Amino acid sequence: MKNLYEDAKNIAIKDPAATSVFHVIFLYPGFHILIFHRIAHFLYNIKLFFIARLISQIGRFLTGIEIHPGAQIGRRLFIDHGMGVVIGETAEIGNDCTIYHGVTLGGTGKDKKKRHPTLKNNVIVGCGAKILGNIIIGNNVKIGANTVVLNDIPDNCTVVGIKGTILK
């Protein structure tokens, strides 16, 4: 419960449209999906895969945000306007990240074990961005809207464009 309150408080601070933590708890699908994910992830870790997937699919139906129960999510994730967000099974998201609508943290179909990206801490992913494959996105990285990222990105960079060009 403490972590959920921390998530709601973080969203209320980051989103100027949020008038209170109460507002976030009752009206924000990005917060609601974190509740579903925590339950599903717990069940996934104790190998109740079917029930975990069922809960994640119910969360997807209600919020429009799909997070595989196997995905590892750090503290204070903010999914803003989350419709269409997809986070794959082996994705890892660090602390204090922000993800906007239409983002995919997906696989390329080539890898068998770790197939999805790792976002380190304090990463911002703009709407419609696609981050694909077993790659690492460094700390404090900003990924622009509709950017396609297929390679590792070092710390403290901004990435924009269809090819994902690094700007320093």
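Quick look at the structure, then. Bear in mind the structure is a predicted one, so any value in this text is a computation, not a measurement.

1. Things to note about the packing of helix α1 (residues 2-14) against helix α3 (residues 29-45)
Here's step 1: Contact pair α1 / α3: the axes reach a minimum separation of 10 Å and the direction vectors enclose 155°. When the axis of α1 is compared with that of α3, the two are roughly antiparallel. For the pair α1 and α3, the sense of crossing is right-handed. Contacts from Asn3, Leu4, Asp7, Ala8 and Ile11 in α1 reach Phe31, Leu34, Ile35 and Arg38 in α3.
Here's step 2: Residues belonging to the contact of α1 with α3 are distributed by class as follows: 6 nonpolar, 1 polar and 2 charged.

2. Observations concerning the sheet that holds strand β1 (residues 66-67)
Here's step 1: With parallel pairing, 5 strands are arranged side by side in an open sheet as β1-β4-β7-β10-β13. Edge strands, defined here as strands with exactly one partner in the open sheet, are β1 and β13 (148-149).
Here's step 2: Pairing of β1 with strand β4 (residues 86-87), which is carried by 2 bridges, proceeds in the parallel orientation. From the neighbouring strand, Glu66 faces β4, where its bridge partner is Val86.

3. What about the pattern of salt bridges?
Here's step 1: Scanning all chains against the criterion turns up 6 salt bridges.
Here's step 2: Taking the shortest distance from any N to any O, the salt bridge between Glu6 and Arg76 comes out at 3.0 Å. Of this pair, Glu6 sits in helix α1 while Arg76 sits in the loop between β2 (72-73) and β3 (78-80), and the two are 70 residues apart along the sequence.
Here's step 3: Here Glu66 and Arg60 are joined by a salt bridge, their closest N and O atoms 3.1 Å apart.
Here's step 4: Its relative accessible area of 22% is what places Glu66 among the partly exposed residues.
Here's step 5: Each of Glu6, Arg75, Arg76 and Asp96 takes part in a single network of salt bridges with overlapping partners.

The rules we used
- Residues numbered from 1 in each chain as written.
- Predicted model: local features only at pLDDT ≥ 70, side-chain atom pairs only at ≥ 80, totals over all residues.
- Heavy atoms only, no water.
- Axes fitted to C-alpha atoms, helices over the stretch in contact; angles between N-to-C directions.
- Helix = DSSP H or I, 4+ residues; strand = E, 2+ residues; numbered from the N terminus.
- Parallel < 35°, antiparallel > 145°, perpendicular 65-115°, else oblique.
- Left-handed = near helix turned anticlockwise from the far one by under 90°.
- Contact = heavy atoms within 4.5 Å.
- Nonpolar A, V, L, I, M, F, W, Y, C, P; charged D, E, K, R; others polar.
- Pairing = 2+ DSSP bridges.
- Salt bridge = Lys/Arg side-chain N within 4 Å of Asp/Glu carboxyl O.
- Buried < 20%, exposed > 50% of the residue type's maximum accessible area, 1.4 Å probe, protein only.

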